[in-house]
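# Examination of the molecular architecture
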Amino acid sequence: EPEVTQTPSHQVTQMGQEVILRCVPISNHLYFYWYRQILGQKVEFLVSFYNNEISEKSEIFDDQFSVERPDGSNFTLKIRSTKLEDSAMYFCASSVGYNEQYFGPGTRLTVT
Amino acid sequence: LAKTTQPISMDSYEGQEVNITCSHNNIATNDYITWYQQFPSQGPRFIIQGYKTKVTNEVASLFIPADRKSSTLSLPRVSLSDTAVYYCLVGGPNGGGYNKLIFGAGTRLAVHP
């Protein structure tokens, strides 16, 4: 069964550093998403991406965040200057259309 | 997007049927009801989706009464591996506002031996 993959599984960074989280969505999917989950809290939507542009973003997705699909397979989330409160599990998801989303295993980001 | 209410936690034993009810009193005409499952340290996983009456797949059944103000996820004969958080989402066909999924706190199901 095809699956969404994410790298790295765990990223530790210092406050103020830039991080790039990588995702490989399922190959025939057209819609891509990033979510985050702070430890012990609910899953929160960050951004959706379709046709090489952002479709929708949440209030969390401020100017420090950016997404990119640099080639035909990868989908990345960049945080320019990490803050302590960015520590969370970041999930990438993809879907064929407006239907079920397939989530990756997540990247645990720890900001120290 | 319609607000959902579901129990914070439930306990069950292996082999039992588990029913998790979700209330969504202000569901809109075009809204679907979607359930996701999340194991610890993993991403959510789609379980089932429905619009009205009953939907069944290899994993679960979803019961939706005529007024659609609530829904019940039914897990037949649970096992220890069904211990997870279950989320009820109401909205577009993907459980959100078409472009996103809106998760609540979910129901934490613990299955005991």
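A brief structural summary. These numbers were taken from a predicted model, which means no experiment stands behind them.

Rules used throughout
Residues numbered from 1 in each chain as written. Chains lettered and ligands numbered in written order. Predicted model: local features only at pLDDT ≥ 70, side-chain atom pairs only at ≥ 80, totals over all residues. Heavy atoms only, no water. Contact = heavy atoms within 4.5 Å. Buried area = accessible area lost by both parts, 1.4 Å probe. Salt bridge = Lys/Arg side-chain N within 4 Å of Asp/Glu carboxyl O. Polar contact = N/O pair within 3.5 Å; in protein donor to acceptor, adjacent residues only side chain to side chain. Helix = DSSP H or I, 4+ residues; strand = E, 2+ residues; numbered from the N terminus. Nonpolar A, V, L, I, M, F, W, Y, C, P; charged D, E, K, R; others polar. Buried < 20%, exposed > 50% of the residue type's maximum accessible area, 1.4 Å probe, protein only.

### What about the interface of chain A and chain B?
Contact with chain A, which involves 19 residues of that partner, is made by 17 residues of chain B. Overall, the association of chain A and chain B removes approximately 1,600 Å² of surface from exposure, summing both partners, and the carbon and sulfur fraction of that is 54%. There are one salt bridge connecting chain A and chain B. Linking chain A with chain B are four residue pairs in polar contact (both at pLDDT 80 or more), by the criterion used here. At the level of secondary structure, the elements contributing two or more residues to the side of chain A that touches chain B comprise β4 (31-37), β5 (43-50), β6 (53-57) and β9 (88-95) of chain A. A breakdown of the residues in the side of chain A that touches chain B according to their chemical character gives nine nonpolar, six polar and four charged.

### Here's the deal with the pattern of salt bridges
Proximity of charged atoms lets side chains of opposite charge pair with each other. Within the structure shown, the criterion is met by two salt bridges over all chains. As a salt-bridge pair, E56(A) and K100(B) come within 2.6 Å of each other at their nearest N and O atoms. On the criterion of chain membership, the pair formed by E56(A) in strand β6 and K100(B) in the loop between β8 (84-91) and β9 (107-112) is interchain, its members lying in two chains. The class of K100(B) is buried, set by a relative accessible area of 18%.

By themselves, these observations are geometric and do not establish any function.
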